Amino acid sequence: EGEKGGAGVAVLTKPPDLDKASDLEKKEAVDKEPIWRVLLHNDDVHTFDYVIDTIVKVVRTVTRKKAHRITMEAHKSGLATVTTTWKQLAREYSVKLQKAGLTSSIAPENKGGG
């Protein structure tokens, strides 16, 4: 604790060209991955507000307005796509939705094998 320094702020710098190269490699790796859908299944247990709040908390890119549309779609047709992303993140979202008590699964974006 004795090594705090002036204002307690540390600045870390990396060569920018290395950052760009690794960012590009990560982007290319993600671009090659197939896209997966995070699915929300209808249930007659949870309120619309609970489902909407849960979607917004779990999938931060989804707005309340979009979450409302997703919830209504699941209610009407039994199934709705919450978001699309790479498999690992789709699985993570689905598990978090399940832990909150919702019924969720993931599926490949292209069902037709193509």
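Bear in mind the structure is a predicted one, so any value in this text is a computation, not a measurement.

Q: In this structure, what is going on with the side chain of arginine 37? I would like to understand it.
A: With respect to the helices and strands, arginine 37 occurs in strand S1 (residues 35-41). Engagement of the side chain of arginine 37 in a polar contact is seen with the side chain of threonine 81, the distance being 3.2 Å.

Q: Just to check I follow, could you spell out the sheet that holds strand S2 (residues 79-86) for this structure?
A: The strands that make up a sheet pair up through hydrogen bonds in the backbone, lying either parallel or antiparallel. The strand order across the open sheet formed by three strands is S2-S1-S3, and the pairing between neighbours is antiparallel. For this open sheet the edge positions go to S2 and strand S3 (103-108), each flanked by a neighbour on one side alone. Sheet twist, expressed as the mean angle between neighbouring strand axes with direction ignored, is 25°. Sheet analysis places S1 next to S2, joined by seven bridges and oriented antiparallel. When the bridges of S2 are listed, arginine 37 appears paired with threonine 84.

Q: Hey, could you run me through the pattern of salt bridges in this one?
A: Pairs can form between side chains of opposite charge whenever their charged atoms are close. One pass over the structure, following the stated rule, counts three salt bridges. The partner of arginine 64 in a salt bridge is aspartate 53, with the nearest N and O atoms 2.4 Å apart. Separated by eleven residues along the polypeptide, arginine 64 in helix H3 (residues 64-77) and aspartate 53 in helix H2 (residues 48-58) bring together distant segments of the chain. Of the residues examined, arginine 64 reaches a relative accessible area of 44% and is grouped as partly exposed. On the accessibility criterion, aspartate 53 (30% relative accessible area) is partly exposed.

What counts and how
- Residues numbered from 1 in each chain as written.
- Predicted model: local features only at pLDDT ≥ 70, side-chain atom pairs only at ≥ 80, totals over all residues.
- Heavy atoms only, no water.
- Helix = DSSP H or I, 4+ residues; strand = E, 2+ residues; numbered from the N terminus.
- Polar contact = N/O pair within 3.5 Å; in protein donor to acceptor, adjacent residues only side chain to side chain.
- Pairing = 2+ DSSP bridges.
- Axes fitted to C-alpha atoms, helices over the stretch in contact; angles between N-to-C directions.
- Salt bridge = Lys/Arg side-chain N within 4 Å of Asp/Glu carboxyl O.
- Buried < 20%, exposed > 50% of the residue type's maximum accessible area, 1.4 Å probe, protein only.

Any functional reading would require information beyond the geometric quantities listed.
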